[in-house]
Amino acid sequence: MAETPRLNGVVKTLAEGKPAFLPFSPPTIEAAVAISQSNYDGVVFEMEHGIYDISSLRNALQYMLNRQQLVEGGTLAPKVTPFVRIPPNGIEKNSWIAKQVLDVGVYGIIWPHCSTVEEALNAVGACRYPRREEAPLYFPPGIRGDAPVNAARYWGISNPEYYKRADVWPLAPQGEVMCVIMCEELRAIKNLPKILEEVPGIGAVLIGEGDLSQEMGIPRQYDHPDLRAAMADIIAICKAHNVTVGHPHVDADNVERVLSEGYTWLMPSGVTTHPALVKGRQLAGR
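Residues numbered from 1 in each chain as written. Predicted model: local features only at pLDDT ≥ 70, side-chain atom pairs only at ≥ 80, totals over all residues. Heavy atoms only, no water.

## Some details on the pairing of strand β7 (residues 202-207)
Here is the rule: Summary of the burial criterion: residues with accessible area below 20% of their type's maximum are buried, those above 50% are exposed, and those between are partly exposed, where the area comes from a 1.4 Å probe applied to protein chains only. We count a stretch as a helix when DSSP gives it H or I for four or more residues in a row; a strand needs E for two or more, and each element gets its number in order from the N terminus. Pairing between strands is defined by DSSP: at least two bridges between the two strands are required. The handedness of a crossover follows from its direction of travel: if, with the strands pointing away from the viewer, the path from the first strand over the helix to the second runs clockwise, the crossover is right-handed.
Burial of β7 is extensive: six of the six residues sit out of reach of the surface. When strand β6 (residues 178-183) meets β7, the two strands line up parallel, connected through five bridges. When the sheet's bridge partners are listed, M182 is paired in β7 with L206. A crossover links β6 with its parallel partner β7, the connecting element being helix α9 (residues 186-198), and its sense is right-handed. In this sheet, strand β8 (residues 244-250) lies alongside β7 in parallel orientation, the contact comprising three bridges.

## Observations regarding the pattern of salt bridges
Inclusion rule: Note on definitions: salt bridges are taken to be side-chain nitrogens of Lys or Arg within 4 Å of carboxyl oxygens of Asp or Glu.
Taken as a whole, this structure holds 18 salt bridges when the rule is applied. The partner of D41 in a salt bridge is R286, and the shortest N-O contact between them spans 2.7 Å. One end of the pair, D41, is in the loop between α2 (29-36) and β3 (42-46); the other, R286, is in the segment after α13 (275-283), and 245 residues separate them in sequence. Using a relative accessible area of 8% as the deciding quantity, one classes D41 as buried.

## Notes on the sheet that holds strand β9 (residues 265-268)
In plain terms, the rule: Throughout, a contact is declared for two residues whenever any of their heavy atoms are within 4.5 Å. Here the axes come from fitting lines to C-alpha atoms, over the contacting stretch only for helices, and the angles between their N-to-C directions go from 0 to 180 degrees.
What the nine strands build is an open sheet, ordered β1-β9-β8-β7-β6-β5-β4-β3-β2; its pairing is parallel. If you trace the sheet from one side to the other, it starts and ends with β1 (20-21) and β2 (24-25), each paired once. Contacts between helix α3 (residues 54-64) and the sheet are confined to β3 and β4 (81-85), with β3 contributing the most and set at about 160° to the helix.

In short, shape yes, function no, at least from these values alone.
Set out below in structure tokens:
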């Protein structure tokens, strides 16, 4: 029996060399229904600054699935791939939260304030199952607990196939899970080359320009030259290590510049059609 085609649409898009578009959204049924009918590649359910409620997330995930879309598309892949931004900062290492959201079926996790090699190792490890040291792709060692049934059912595949595919991309070429770290502190920029050299399995680096601007004493001055220079440093580091870099505040006015600067994970605001999404897809030839 042939293996199920790629399920994570964001991974598919990035692997094809195209930019992916994802909004932040509250994990509500109404937002999930609206997003599932949109042209976004994925969605990041926001649970860092909102309430962490696994029941709300579970409901939102179910309402992301549209039976008619699945039948007409001939695929188990959701039209819009769900991710979660979890509450812990990198330094807190609350891997149990990663375990819970993965166990209900999300395809990726965004880790806020991940600023050191140790914190990045924890983030990637929390997204992976343990394996023997002599096994291929052992490092970073996985620490995720074993409870695949609900996630496998949500993905529409068997437990054994889920085990094969519930690994981090691009470290595991068949992996369907993305581990995205947020770079939003000056120390994170300083440590980023070492992080990307020593921690395989990071799918993308998302710049947290709000928090970064706060630390720099220019809160939310997104066009300030000092902030733009710091973001350019992050882009250069990510390009040097062939890692996707993300921009969290994309609008119709800046999307052309953002694409030209090399961002390929773009986050317009709004849960339905957004002018930046329409313009960005046109500019990207999508």
